[in-house]
Amino acid sequence: ETGVTQSPTHLIKTRGQQVTLRCSSQSGHNTVSWYQQALGQGPQFIFQYYREEENGRGNFPPRFSGLQFPNYSSELNVNALELDDSALYLCASRQYRGREWDTEAFFGQGTRLTVV
Amino acid sequence: DAKTTQPPSMDCAEGRAANLPCNHSTISGNEYVYWYRQIHSQGPQYIIHGLKNNETNEMASLIITEDRKSSTLILPHATLRDTAVYYCIVTAAGNKLTFGGGTRVLVKP
């Protein structure tokens, strides 16, 4: 157990709908990253949040957006869902200590999103 | 981020050491070598990381060559529960993790 929790664990949505996925970071971790993992592939970086601001983004369209809250929990929002958005969405947390990052990130178990 | 190359798959006998190679010839001076693994349908699990020196923890050992262009993850006594996809990632601390295809390790009885 890493202390990173994600909800829901599974979700089925219809093409064109919007979805919100949630992540609670490990206690004390102030940085949250989101990854998308399609079936049979490695996770792909979506974006990272630190102190409620996005501070890094991968090659994903603007319909993928996020939020980080004062308690460091985070949401991933995806608008206008497409069939190719079907994937395992992973959240990872780590700690930035002012001058340097803790080197390891801890992942949650993911949310399996199916778009039909 | 530097790119890594790993064999797509390997088998290992239960109880024996598993040696997983990784090439990262374009690694920069401030980049660490990380290893994560992913057991089927679970989130990736951190194993170990290193910068220059060899590292050991309760899960594994990491051997980094002197020129830092390659490394080997060693699972000293593989068990069936070590069956997973193992990812070698090279990145600076705090940067995104760029996952490649990894090595699919099957531990056999």
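Above this text is the structure in question.
Residues numbered from 1 in each chain as written. Chains lettered and ligands numbered in written order. Predicted model: local features only at pLDDT ≥ 70, side-chain atom pairs only at ≥ 80, totals over all residues. Heavy atoms only, no water.

Peer 1: Give a detailed account of the state of the cysteines, specifying residues and quantitative values.
Peer 2: As used in these notes, a disulfide is a covalent bond between sulfur atoms, one from each of two cysteines. Under the defined criterion, the tally for this structure stands at two disulfides over all chains. The side chain of cysteine 23 of chain A participates in a disulfide bridge whose partner is cysteine 91 of chain A; the two sulfur atoms lie 1.7 Å from each other. Between cysteine 23 of chain A and cysteine 91 of chain A, the S-S torsion sits near -55 degrees, and that sign places the bridge as left-handed. One end of the pair, cysteine 23 of chain A, is in strand E3 (residues 19-24); the other, cysteine 91 of chain A, is in strand E9 (residues 87-94), and 68 residues separate them in sequence. Residue classification places cysteine 23 of chain A among the buried residues on the basis of a relative accessible area of 2%. One disulfide in the model links cysteine 22 of chain B with cysteine 88 of chain B; its S-S distance is 2.1 Å. (Disulfide = S-S within 2.5 Å. Helix = DSSP H or I, 4+ residues; strand = E, 2+ residues; numbered from the N terminus. Buried < 20%, exposed > 50% of the residue type's maximum accessible area, 1.4 Å probe, protein only.)

Peer 1: I'd like a description of the interface of chain A and chain B, backed by residues and values.
Peer 2: In many reports, interface size means the accessible area that the parts give up when they come together. Across the contact, 18 residues belong to chain A and 18 residues belong to chain B. Of the roughly 1,500 Å² buried between chain A and chain B on both sides combined, carbon and sulfur atoms contribute 54%. Summed over the shared surface of chain A and chain B, the result is zero salt bridges. Along the contact surface separating chain A from chain B lie three residue pairs in polar contact (both at pLDDT 80 or more). (Contact = heavy atoms within 4.5 Å. Buried area = accessible area lost by both parts, 1.4 Å probe. Salt bridge = Lys/Arg side-chain N within 4 Å of Asp/Glu carboxyl O. Polar contact = N/O pair within 3.5 Å; in protein donor to acceptor, adjacent residues only side chain to side chain.)

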